[in-house]
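Coordinate analysis (summary)
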Amino acid sequence: MENLVYSRMLVKLSGEALMGSGDFGIDPTVIARLAADIAALHAADVRVGVVIGGGNIFRGAGLAAGGQDRVTGDHMGMLATVMNSLAMRDALDKLEVPARVMSALSMPDVCEDYTCRDARRHLDEGRVVIMAAGTGNPFFTTDSAASLRAIEIKADVLVKATKVDGVYSADPMKDPDARFYPELTYDQAIAENLGVMDMTAIVLCRDQRMPLRIMNIQEENALLRLARGESIGSVVVTETDRVNSK
């Protein structure tokens, strides 16, 4: 077993990350590469949980804005995350990485029901656990689901894998003067409205002292390098943990 800084990780992937250069759906090349990154973690004996959004297929909030019932729209969005999760499991199967999809919505013919205890057991036995359907409740984002699941499985870190290098004071694609934050606190992220994650997710992580790392998933072997202790992206911690680390 390698000398790892993080031995248990929850990786949050956006649904949009699966699209590649397309406008919709899943790019097979992209999901194969992401699965290879997760497989590298697994080979290093990191216990890996994964939460994938569904924005590449469907967004319940967008439908609600057009007049559709929000609860119905959110349930449709949860089903989109299950589709993405099944695709990721298939990609991991091709790499001979044992993986389970566990859903917060019961669908026993498709995947296992999510329970915290069974998720921990799968992780302890060396399986990648892909946690689908958000929290199973409307009005909660997959960011909130990722925060909750990271806490439940006792992850060492929650990794939000995005298309940007980390946290900035503004959109770096629009503002060349945007300031990069290599490290910040949850209270700072809230006070400055930095859009790290939604407020529920941030408060959950802050109150449970769950470190959050925001990084660019397009960097080669970034997840494994992070697990080995390389400083990648931005880290968000509580004020207490920030002081203690100095």
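It should be noted that the structure appears before, not after, this text.
Note that the coordinates shown come from a computational prediction; the quantities given were computed from them, not determined experimentally.

It is worth spelling out the layout of surface pockets at this point. For the largest pocket, the calculated volume is near 850 Å³. Of all the secondary-structure elements, those providing two or more residues to the lining of the largest pocket are α2 (60–65), α3 (70–94), α5 (142–152), β6 (157–162) and β7 (167–168).

Let us look at the sheet that holds strand β9 (residues 183–185). Spatially, nine strands are ordered β4-β3-β5-β2-β1-β6-β10-β11-β9 in an open sheet, and the strand pairing comes out mixed. Each end of this open sheet is capped by a strand with a single partner; those strands are β4 (112–113) and β9. Pairing between strand β10 (residues 212–216) and strand β11 (residues 234–237): three bridges, direction antiparallel. Across the sheet, residue Leu212 finds its bridge partner in β11, namely Val236. Contacting β1 (8–13), β2 (47–52) and β5 (128–132), helix α1 (residues 28–43) crosses the sheet at an angle of about 155 degrees to β2.

This part takes up the packing of α1 against α3. Where α1 meets α3, the closest approach of the two axes is 9 Å, and the angle between their N-to-C directions is 65 degrees. What the angle tells us is that α1 and α3 run roughly perpendicular. In the packing of α1 onto α3, the handedness of the crossing is right-handed. Contacts between α1 and α3 involve Ile31, Leu34, Ala35, Ile38 and Ala39 from the former and Asn84, Ala87, Met88, Ala91 and Leu92 from the latter.

For the rest of this paragraph, the subject is the packing of α5 against helix α7 (residues 199–208). As a packed pair, α5 and α7 sit with axes 8 Å apart at the nearest point and diverge in direction by 20 degrees. Between α5 and α7, the angle is such that the two are roughly parallel. Considering how the two elements wind past one another, α5 and α7 form a crossing that is left-handed. Residue-level contacts link Asp143, Ser144, Ser147, Leu148 and Ile151 of α5 to Thr200, Ala201, Leu204, Cys205 and Gln208 of α7.

Looking now at the pattern of salt bridges. All chains considered together, the criterion is met by 16 salt bridges. A salt bridge links Asp143 to Lys12; its shortest N-O distance comes to 3.3 Å. Placement of Asp143 in helix α5 and of Lys12 in strand β1 is noted, with a sequence separation of 131 residues between them. On the basis of relative accessibility, which here comes to 4%, the residue Lys12 falls in the buried class. In this structure, Arg70 and Asp74 form a salt bridge, with 2.9 Å as the shortest nitrogen-oxygen distance. Remark: Asp74 and Arg70 occur in helix α3; sequence separation between them is four residues, near one turn of the helix. A residue is classified by how much of its surface remains accessible, and Asp74, at 12% relative accessible area, is buried.

Its 25 residues give α3 an end-to-end C-alpha distance of 37 Å, which sits within 8% of 36 Å, the value for a rise of 1.5 Å per residue. Buried within α3 we find Gly73, Asp74, Gly77, Met78, Ala80, Thr81, Val82, Asn84, Ser85, Met88, Ala91 and Leu92. Its side-chain oxygen placed 3.2 Å from the backbone nitrogen of Val71, Asp69 serves as the N-cap of α3.

Within the largest apolar cluster, 44 residues are counted, with the highest numbers of intra-cluster contacts made by Met9, Leu13, Met88, Leu92, Val128 and Ile130. Of all the secondary structure elements, the ones that give two or more residues to this core are β1, α1, β2, α3, β3 (99–103), β5, β6 and α8 (222–227). Residues contacting Met88, with those up to four places away along its chain left out, are Leu13, Ile31, Leu34, Ala35, Ile38, Ile52 and Ile130. Formed by 28 residues, the second largest nonpolar core is a distinct cluster that contains Ala119, Ala146, Ala150 and Ile153.

Take the side chain of Asp143 next. Judged by relative accessible area, Asp143 falls into the buried class, the value being 11%. A polar atom in the side chain of Asp143 sits 3.1 Å from the side chain of Lys160. Sequence-distant contacts of Asp143, defined by excluding residues within four places in its chain, comprise Lys12, Lys160, Met197, Asp198 and Ala201.

The subject of this paragraph is the environment of Thr135. Looking at the element boundaries, Thr135 is found in the loop between β5 and α5. Here Thr135 falls in the buried class, since its relative accessible area comes to 15%. Excluding its chain neighbours within four sequence positions, the residues that come into contact with Thr135 are Ala104, Phe140, Ala145, Leu148 and Arg149. Reaching out from Thr135, the side chain makes a polar contact with the backbone nitrogen of Asn137 at a distance of 3.2 Å.

Procedures and definitions
Residues numbered from 1 in each chain as written. Predicted model: local features only at pLDDT ≥ 70, side-chain atom pairs only at ≥ 80, totals over all residues. Heavy atoms only, no water. 1 Å grid on protein atoms, 1.4 Å probe; cavity = no way out; pocket = protein on both sides within 12 Å on 5 of 7 lines; lining within 4 Å. Points joined across faces, edges and corners; volume = space filled by probe spheres on them. Helix = DSSP H or I, 4+ residues; strand = E, 2+ residues; numbered from the N terminus. Pairing = 2+ DSSP bridges. Contact = heavy atoms within 4.5 Å. Axes fitted to C-alpha atoms, helices over the stretch in contact; angles between N-to-C directions. Parallel < 35°, antiparallel > 145°, perpendicular 65-115°, else oblique. Left-handed = near helix turned anticlockwise from the far one by under 90°. Salt bridge = Lys/Arg side-chain N within 4 Å of Asp/Glu carboxyl O. Buried < 20%, exposed > 50% of the residue type's maximum accessible area, 1.4 Å probe, protein only. Expected span 1.5 Å × (residues − 1). Polar contact = N/O pair within 3.5 Å; in protein donor to acceptor, adjacent residues only side chain to side chain. Core = buried A, V, L, I, M, F, W, Y, C linked by side-chain atoms within 4.5 Å.

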